[in-house]
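As a plain string of letters, each chain reads:
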Amino acid sequence: MNSGPAGFTADGIDPPAWEEAAAAALDALAAEFSVTAERRVSAAAGRGTDPASADQRTTWLDTFDWRLYKAGLTLEYLPGRGGSELRLADRASAGRPPGPAGVTGGDAAAVAGSAPERAPDRGAVQPVTGWQASRPHLLAELAGGPVGARLARLVAPRALVPVATTTVTTTVYRLLNADSKTVARFMISRPRLVSGRHATPLPPRLVIAGVRGYPAQERRADRLLAAVPGLSPAAEPLFADALRALGRRPADYSNKVDAAITRAMPAARAGAVILLRLLDTIDANVPGVLADIDTEFLHDLRVGVRRTRSALKLFGDVLGLTRKELAFFAAEFKWVGDLTTPTRDLDVHLLDFEETARGLAAAKPDDLEPFRAFLEQRRRKEFRALARGLRTARFTGLTADWRKKLVALQAGGAGPAAVSAPRSVPSGRSAGGSAGMLAAERTRVAFAKVARRGAAITTDSPAESLHDLRKRAKELRYALEFFAPLHDSAESAKVVGDLKRLQDCLGEFQDTEIQIAEIRALAAAMLAAGEAPAVTLLAMGEITAGLAARQRAARADFERRFAAFAGIDGQRRVSALLRGGVSR
Amino acid sequence: MRTYATYNIKGGVGKTTTAVNLAYLAAESGLRTVLWDLDPQGAASFMFRVKPRVKGGGRAIISGKRPLDDAIKGTDFDNLDLIPADFTYRNMDLLLDSAAGGQGAGAGHGGDGKPGSAPGGKPARKLGRLLAPLATEYDVVFLDCPPSVSLVSENVLHAADVIVVPLIPTTLSVRTLEQLSDFVDEFKGRKPELVAFFSMVDRRKKLHREIAEKLSAERVEVASTAIPALSVIETMSVERAPVTVFAPASAAAKAYRALWAEISAR
């Protein structure tokens, strides 16, 4: 059996057992080869007898939402005395034990167990200076390099955050034939997970690295290792071991709802499960918001809050909360939403800034710099207010109490009576007892609202009617997302696809209007503060003109989008989707 | 890819020790290096502890039946690979001639019936063509040549960018260099650069000192670095490693380093 480039890993969780297996491996190889420690060679010392070993530290980076992992990539930061670098690789080819530095003799690529110069298709290496492994880094810091270029579309606007750090000590042995010629190398890598000042040993990895022209000996050495008790072919990269030791798993954060609900589950419990999942998302993002790592922590937190409010409206009555409790939590989450809005609005302006500046026809991009400075200053101020709010007892108490409540509801603490006796059921019908019935009924109601209100919109309707429709469409979208595990995924994708296009149209219509109003207000504020050069105001005027054109285009597009979603075919699709939800 | 060949008509002048040490130093400096041991005696292969054997023999390689790539062995050293010798290389003249002839290059046969008698003909350039595919993988090739005047040596001279000629400090060595220089001058098209240096110099011998000093001053192709006659160089065949590895601080190692610095800077 050929172990492949990943080699073998010691079984179990017991460091003394790992060392026993490593010693047994050395013995097994010594039965057929002369095994000699790689010499440490320095010009002065001549030869030494210590096994050459060297430490290599590796920090794995990804976005908070695992965009690189999901794209099948790994990004490693490798500090080194000769220069530090970031290494991007396909996951299939990454994660091999790093080679020892300063080992003379042998082909460096063979010692490393991989060929660094044989870069995988999507791989890239970029030297970095002043990189701090323990801190998040924005992609702008990598501008101009090959890794930065390859990650730009995938990662932005997210930051790269350190996920795990290991230090690997690798000891290299040579396997010699009867002529004392090195025919293969044997490397024992002993990784440790580094967390602050603590280092936790991880299972060692044992790798045979071939020497060119000696494939039979490499295979033989691999077979000898395969027969050693306590060793198994390494199935996973070191990163996986490091994550496991951290108590994490890959892609353990996602802003998708993806609640573990079934059709047969009592409605109250399913509702609690969905809301707990939303609360997890809110809680997971708070530290990233406070540390201001990137804009998407706040975005995801806001989505979590908005979904929570929507869920309370959609099925809060079946949870088993009192009317007072329901009103309290709805009001408190509205407060959280409002707390986050000013910062997010400014984030949106700043995120779009470069593209907006590039799109100017008459004005020069530089004309807008005072506007950017003003936005950034505003954002700093609003962010301080946001951070203060998230640190209040009101916020921390809210999330803690809400979790306590939901855990009790999930466990059935509220009792089945609450489920069977909903207090305020839309359109006067009962939600029934099961999650499947709840999903069908409430989604149907949400769809009917969208269909009815959308159909009433004419070319003469005021903007407010479209804004209102946007809210209803969002509620329907959330309903479809909350109950997605109960629906047929292909049918669901079709409905959600049409709905999403309608939402995009409505969103464009309203967002451009809001942005125009905001830019006008900001222009007035800049003028009042004496920070508004004429060219900047002119450029801002050009931006509002562009936004107004986009808004008109969105309005013109509405009818087509609405018909595609809520026309006869659309209605049939929704009916089919919801029938499936009830019957199965 | 830059190709160096160590060559002298005479044997026992230090060709192999030069090829082994310079190839090692090239590799050590970070250049991806391969050394082809063309001498059927296999001394360079022996020094790198590689068996002097090639699958299918010289014929398989020269005929192109097996790519040269297949014969390459990793040495114990970073960046340094070896194409081992094979006893069948003793017939390499015939192999080169027939391989070239087999490709419809009968013109390689001159009127006098000796192989390779048309200087610079197809048989004389066969080795160069075999080496060409290695250019993507290596920065430097060293060819360690058997001592002779033959189609093999003519091939080597055509394939090389630089011919490194070890000279024993005798009056005859001057003649050797002149002969080689004239021979290379007759090449049509690209001509290799000649770099000679004095090898096995005994500083105690007045004649050695005089010839070495005079010639390196007079002739531009003679390097200023000389390799002294030292017993540590002879122990290479016992240690089976470059002297720069097993005695890195020795005078011999220093001399080879200086020689490589001088040759590689040209």
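So, how was this worked out
Residues numbered from 1 in each chain as written. Chains lettered and ligands numbered in written order. Predicted model: local features only at pLDDT ≥ 70, side-chain atom pairs only at ≥ 80, totals over all residues. Helix = DSSP H or I, 4+ residues; strand = E, 2+ residues; numbered from the N terminus. Rg over C-alpha atoms; globule rule 2.2 N^0.38 Å. Domains from an automatic or database assignment. Contact = placed C-beta atoms within 7 Å. Nonpolar A, V, L, I, M, F, W, Y, C, P; charged D, E, K, R; others polar. Axes fitted to C-alpha atoms, helices over the stretch in contact; angles between N-to-C directions. Parallel < 35°, antiparallel > 145°, perpendicular 65-115°, else oblique. Left-handed = near helix turned anticlockwise from the far one by under 90°. Pairing = 2+ DSSP bridges. pLDDT = per-residue confidence, 0-100. Buried ≥ 20, exposed ≤ 12 C-beta atoms within 10 Å, placed from the backbone. Core = buried A, V, L, I, M, F, W, Y, C linked by C-beta atoms within 7 Å.

For the rest of this paragraph, the subject is the overall build of chain B. Counting its secondary structure elements, chain B contains 12 helices and 7 strands. Here chain B has a C-alpha radius of gyration of 18 Å; the compact-globule value for 266 residues is 18 Å, and the two agree. Projected onto its principal axes, the C-alpha positions of chain B cover 55 × 40 × 30 Å.

With that out of the way, let us pick up the domain arrangement of chain A. Residues and elements named next belong to chain A. Here chain A is partitioned into domain 1 (8-245) and domain 2 (267-423 + 431-583). The interface is formed by 7 residues belonging to domain 1 together with 7 residues belonging to domain 2. In terms of residue class, the side of domain 1 that touches domain 2 is made up of 6 nonpolar, no polar and 1 charged.

For the rest of this paragraph, the subject is the packing of helix 7 (residues 267-290) of chain A against helix 8 (residues 295-315) of chain A. Residues and elements named next belong to chain A. Between helix 7 and helix 8, the shortest axis-to-axis distance is 8 Å and the interhelical angle comes to 155°. By the angle between their axes, helix 7 is roughly antiparallel relative to helix 8. As for the relative orientation of helix 7 and helix 8, their crossing is left-handed in sense. Taking contact as the criterion, the partners of Gly271, Ile274, Leu275, Leu278, Thr281, Ile282, Asn285, Val286, Gly288 and Val289 in helix 7 are, on helix 8, Phe297, Leu298, Asp300, Leu301, Gly304, Val305, Arg307, Thr308, Ala311 and Phe315. Counted by class, the contact of helix 7 with helix 8 contains 12 nonpolar, 6 polar and 2 charged residues.

With that out of the way, let us pick up unusual backbone geometry. Backbone geometry follows two general trends: most residues other than glycine have a negative phi, and most peptide bonds adopt the trans configuration. All names here are of chain A. Omega for the bond connecting Ala156 with Pro157 falls within 30 degrees of zero, at 5°, which places this linkage in the cis form. Within the secondary structure layout, Pro157 lies in the loop between helix 4 (146-155) and strand 9 (161-176). Residue Ser180 is not a glycine yet carries a positive backbone phi of 60°. Within the secondary structure, Ser180 sits in the loop between strand 9 and strand 10 (182-195).

On to the sheet that holds strand 3 (residues 73-74) of chain B, then. Residues and elements named next belong to chain B. Spatial strand order, 3-4-2-5-1-6-7: 7 strands in an open sheet with mixed pairing. Across the chains shown, the open sheet's two edge strands, defined by having one partner strand only, are strand 3 and strand 7 (193-198). By the bridge criterion, 4 bridges tie strand 2 (residues 33-37) to strand 4 (residues 80-83) in an arrangement that is parallel. When the bridges of strand 4 are listed, Val34 appears paired with Asp81. The strands that helix 1 (residues 15-28) touches are strand 1 (2-6), strand 2, strand 4, strand 5 (140-144) and strand 6 (162-167); relative to strand 5, the one it contacts most, it runs at about 170°.

What follows deals with the confidence of the model for chain A. All names here are of chain A. Predicted confidence across chain A gives a mean pLDDT of 86, with 87% of residues reaching 70 or more. The low-confidence segment residues 41-50, where pLDDT is below 50, has 12 contacts with residues more than four positions distant or belonging to other chains. Predicted confidence for residues 413-431 stays below pLDDT 50, and this span has 36 contacts to residues more than four positions away or in other chains.

Now for the pairing of strand 2 of chain B. Residues and elements named next belong to chain B. Most of strand 2 is tucked away: 5 of the 5 residues are buried. Here strand 2 shows two buried faces, one formed by Thr33, Leu35 and Asp37 and the other by Val34 and Trp36. Bridge count between strand 2 and strand 5: 5 bridges; the pairing is parallel. Following the sheet pairing, Val34 is matched in strand 5 by Val141.

So, about the nonpolar core. Residues and elements named next belong to chain A. Ranked by size, the top nonpolar core spans 89 residues in total, and within it Leu75, Ile274, Ala311, Leu476, Ala479 and Phe482 carry the most contacts. For this core, the element with the highest residue contribution is helix 7, accounting for 10 residues. The residue makeup of this core includes at least three contributed by each of domain 1 (8-245) and domain 2 (267-423 + 431-583). Leaving out residues up to four positions away in the same chain, Ala311 has contacts with Ile274, Leu275, Leu278, Tyr478 and Phe482.

A few words on the environment of A:Thr281. Residues and elements named next belong to chain A. In this structure, Thr281 sits in helix 7. Taking the C-beta count within 10 Å as the criterion, Thr281 has 21 such neighbours and is therefore assigned buried. Counting along the chain gives 270 residues from Thr281 to Gln551, while the straight-line C-alpha distance between them is 32 Å. For Thr281, the contacting residues outside a window of four places in its chain are Asn255, Asp300 and Gly304.

A separate point is the packing of helix 1 of chain B against helix 12 (residues 251-265) of chain B. Residue and element names in this part refer to chain B. Where helix 1 contacts helix 12, the axes come no closer than 10 Å and their chain directions differ by 70°. Accordingly, the angle class assigned to the pair helix 1 and helix 12 is roughly perpendicular. Viewed along their axes, helix 1 and helix 12 form a crossing whose handedness is right-handed. Contacts between helix 1 and helix 12 involve Asn21, Leu22, Leu25 and Ala26 from the former and Tyr256, Arg257 and Trp260 from the latter. For the contact of helix 1 with helix 12, the residue count by class is 5 nonpolar, 1 polar and 1 charged.

Residue and element names in this part refer to chain B. When you tally the buried positions in strand 5, you get 5 out of 5 residues, the bulk of the element. Side-chain alternation along strand 5 places Val140, Phe142 and Asp144 on one buried face and Val141 and Leu143 on a second face that is also buried. With 5 bridges connecting them, strand 1 and strand 5 associate as parallel partners. When the sheet's bridge partners are listed, Ala5 is paired in strand 5 with Leu143.

What follows deals with the confidence of the model for chain B. Residues and elements named next belong to chain B. Chain-level statistics for chain B give a pLDDT mean of 87 and a share of 92% at 70 or above. Counting interchain partners and residues more than four positions distant, the pLDDT-below-50 stretch residues 102-117 has 30 contacts. Note on the complex model: pTM 0.77, ipTM 0.85.

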